[in-house]
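Structural description and commentary
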Amino acid sequence: VGIKFFIIQVCCLLLFTVDNLLITHYFGPETVTPFSITNKVFHTAYTVLAAFLVPYWSRTTVAFAQNDYTWVKNSIKKVSALYALFILGYIVLVFIFKPLVAMWLGRELSYQDGLLPTMCVFYILYSALAVECQFINGSGKINVQLIMYCLISIANIPLSIYMGVTCGMGVVGIRLATTILVLIEVLVLGFNLLSIVKKLKLDAHESRLIN
């Protein structure tokens, strides 16, 4: 399991850090600054959500060991409600982003059209992925997650180059490519989490019958 988590972390590193390298290589270092600042501001909001999610991993492990289906079900509902608030927060951030950053930096930056909404959608999906992974990681059933991270981390580079360079979408195309891949992973892991929780429900029912 430790090796699997290590591979997942390496894939995450490739998936979420390669964009800056591709942007620098294909569009020049001057285009990295607006992208990097936009990414950092949205990531700051995401970090707050991630902090709330931290305790759920270990507590989910305990719940699965005890076949505590009720706790898992209720916790997913609570976290989903919190996630909905962050979706609203990301959308609000799109509208206040430019004046906020201009006040922070003391000057305005030039952003490619579509960068802010694309970044917003990316972090909405990235946050959904974080929610799903906390419960999946806590269950210890991470094979599907491992396969998905390996596949999308490999696919991200050629797809980003295709959309950003070949299709002429620039910086937005590179982030959009990653967003599409994260969407696929969110959908797959969402079904995976439903399957895991359903299996836990059956195990909890059988445990009650035995006792």
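This write-up is about the structure you can find in this document. For every chain, the first residue of the written sequence is number 1, and numbering continues from 1 onward in sequence order. Given that the model is predicted, a residue must reach a pLDDT of at least 70 before its local features are reported, and side-chain atom pairs must reach 80 or more before they are shown or counted; all residues, however, enter totals for whole chains, interfaces and linings. Derived side-chain values reflect all non-hydrogen atoms in the structure, with water molecules and hydrogen atoms excluded from consideration.

Attention now moves to the nonpolar core. We define a nonpolar core as any set of buried Ala, Val, Leu, Ile, Met, Phe, Trp, Tyr and Cys residues linked to one another through side-chain atoms lying within 4.5 Å. Each residue is placed in one exposure class: buried if its accessible area under a 1.4 Å probe, protein chains only, is under 20% of its type's maximum, exposed if it is over 50%, and partly exposed if it falls in between. Grouped together as the largest cluster of nonpolar side chains are 64 residues, with contacts concentrated most on Phe16, Phe42, Tyr90, Phe97, Tyr123, Leu129 and Tyr149. Put simply, the parts of the chain that give this core at least two residues each are helix 1 (2-27), helix 2 (32-65), helix 3 (69-105), helix 4 (115-139), helix 5 (143-166) and helix 6 (170-210). For this core, the element with the highest residue contribution is helix 4, accounting for 16 residues. Any two residues having at least one pair of non-hydrogen atoms within 4.5 Å are treated as being in contact. In this structure, Tyr149 is in contact with Ile8, Cys11, Cys12, Leu15, Phe16, Leu129, Cys133 and Glu185, ignoring residues within four places of it in sequence. Numbering of helices and strands runs from the N terminus; a helix is a DSSP stretch of H or I covering at least four residues, while a strand is a stretch of E covering at least two.

Here the focus is helix 3. Along its length, helix 3 shows its largest kink, about 60 degrees, at Ile96, and proline Pro99 lies within four residues downstream of that point. Taken together, the buried positions of helix 3 are occupied by Tyr69, Trp71, Val72, Ser75, Val79, Tyr83, Phe86, Tyr90, Leu93, Phe97, Val101 and Ala102. Immediately beyond the C-terminal end of helix 3, within one or two residues, lies Gly106, with a positive phi of roughly 80 degrees. Bend angle per residue: angle between axes fitted to the 7 residues ending at that residue and the 7 residues starting there.

Patch criteria: residues need more than 30% relative accessible area and no salt bridge. Like-charged residues are merged within 9 Å; nonpolar side chains of Val, Leu, Ile, Met, Phe, Trp and Tyr are merged within 5 Å. In short, Shrake-Rupley with a 1.4 Å probe defines the accessible areas, and a residue's cover is counted only from the protein chains shown. Take a side-chain nitrogen of Lys or Arg and a carboxyl oxygen of Asp or Glu: if they are within 4 Å of each other, that pair is a salt bridge. Just so you know, the count uses Lys and Arg for positive and Asp and Glu for negative, and it drops His and the chain ends. Every charge is mapped to an atom, namely NZ of Lys, CZ of Arg, CG of Asp or CD of Glu. On the surface, Lys73, Lys77, Lys198 and Lys201 cluster together to form a positively charged patch. The set of elements that each furnish at least two residues to the positive patch consists of helix 3 and helix 6. For Lys198, a relative accessible area of 58% translates into the label exposed.

Attention now moves to the packing of aromatic side chains. By convention, a stacked pair of Phe, Tyr or Trp rings (six-membered ring in the case of Trp) has centres within 6.5 Å and planes under 30 degrees apart, an edge-to-face pair has planes over 60 apart, and any other such pair is tilted. Here the structure, examined in full by the defined rule, presents 15 aromatic pairs. Ring centres of Phe42 and Phe97 lie 6.1 Å apart, and the angle between their planes is 20 degrees; this geometry places the pair in the stacked category. In this pair, Phe42 is assigned in helix 2 and Phe97 in helix 3, connecting sequence segments 55 residues apart. With respect to burial, Phe42 and Phe97 carry one shared label: buried.

Here the focus is the side chain of Asp19. Mapping Asp19 onto the fold places it in helix 1. Look at Asp19 and you get buried, because its relative accessible area is 1%. Setting aside its immediate chain neighbours within four residues, Asp19 contacts Phe35, Asn156, Ser160, Ile174, Arg175 and Thr178.

On the surface, a cluster of nonpolar side chains totalling about 710 Å² of accessible area is made up of Leu88, Ile91, Val92, Phe95, Ile96, Leu100 and Met103. Along the chain, the position of Met103 falls in helix 3.

This part is about helix 5. Here the expected length of a helix is defined as 1.5 Å per residue gap, with one fewer gap than residues. An ideal rise of 1.5 Å per residue puts 34 Å on 24 residues; helix 5 measures up with 34 Å between its terminal C-alpha atoms. Roughly 35 degrees is the biggest bend found in helix 5, and it falls at Asn156, with proline Pro158 one to four residues downstream. Along helix 5, the residues classified as buried are Gln145, Leu146, Met148, Tyr149, Ile152, Ser153, Asn156, Ser160, Met163 and Gly164. One or two positions beyond helix 5, positive phi appears at Gly168, with a value near 70 degrees.

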